[in-house]
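# Inside the fold
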Amino acid sequence: MREIKIKPATKGLLVRDPITREPLKAGGEMKPRNTYWLRRMLDASVVEVEEKKKEGAKS
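Quick look at the structure, then. Small disclaimer: the values here were computed from a predicted structure and weren't measured.

A word on the sheet that holds strand β2 (residues 29-32). Within the open sheet, the 3 strands sit side by side as β2-β1-β3. Their pairing is antiparallel. Lying at the two open borders of the sheet, with one neighbouring strand each, are β2 and β3 (46-48). Across the sheet, the mean angle separating the axes of adjacent strands is 50° when strand polarity is ignored. Here strand β1 (residues 3-8) pairs with β2 via 4 bridges, running antiparallel.

The structure is reproduced here in structure tokens:
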């Protein structure tokens, strides 16, 4: 299954993982790209974190 890195959309917003019931870390976490997290993205509870490529890294 493909994963995405997401974080809460705003500082202080509490978004819980539906399985572990743990809050999503403010710095972002890797989560499965499933309907639950896609719905959280659509309702603007979470945003996808853009991964920055390291300089000199081969594609």
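A few words on the environment of G27. Take G27: it is sitting in the loop between β1 and β2. Non-local contacts of G27, meaning those with residues more than four positions away in its chain, are made with K5 and K7.

We now examine the pairing of β1. By the bridge criterion, 3 bridges tie β1 to β3 in an arrangement that is antiparallel. By the bridge assignment, K7 is partnered in β3 with V47.

Here we come to unusual backbone geometry. Peptide bonds are trans in most cases, and residues, glycine excluded, mostly fall at negative phi. Its identity is not glycine, yet R21 carries a phi of approximately 65°, on the positive side. Within the fold, R21 resides in the loop between β1 and β2. For A44, which is not glycine, the phi torsion reads 65° and is therefore positive.

A word on the packing of aromatic side chains. Within this structure, the stated rule accounts for 1 aromatic pair. With a centroid separation of 4.9 Å and an interplanar angle of 85°, the aromatic rings of Y36 and W37 are classed as edge-to-face. Classification of Y36 by relative accessible area gives partly exposed; the value is 21%. On the basis of relative accessible area, W37 is assigned to the buried category, the value being 2%. Note that R40 overlies the ring of Y36, its terminal NZ or CZ placed 4.7 Å from the centroid.

What counts and how
- Residues numbered from 1 in each chain as written.
- Predicted model: local features only at pLDDT ≥ 70, side-chain atom pairs only at ≥ 80, totals over all residues.
- Heavy atoms only, no water.
- Pairing = 2+ DSSP bridges.
- Helix = DSSP H or I, 4+ residues; strand = E, 2+ residues; numbered from the N terminus.
- Axes fitted to C-alpha atoms, helices over the stretch in contact; angles between N-to-C directions.
- Contact = heavy atoms within 4.5 Å.
- Phe/Tyr/Trp six-rings, centres within 6.5 Å; stacked < 30°, edge-to-face > 60°.
- Buried < 20%, exposed > 50% of the residue type's maximum accessible area, 1.4 Å probe, protein only.
- Lys NZ or Arg CZ within 6 Å of the ring centre and 35° of its normal.

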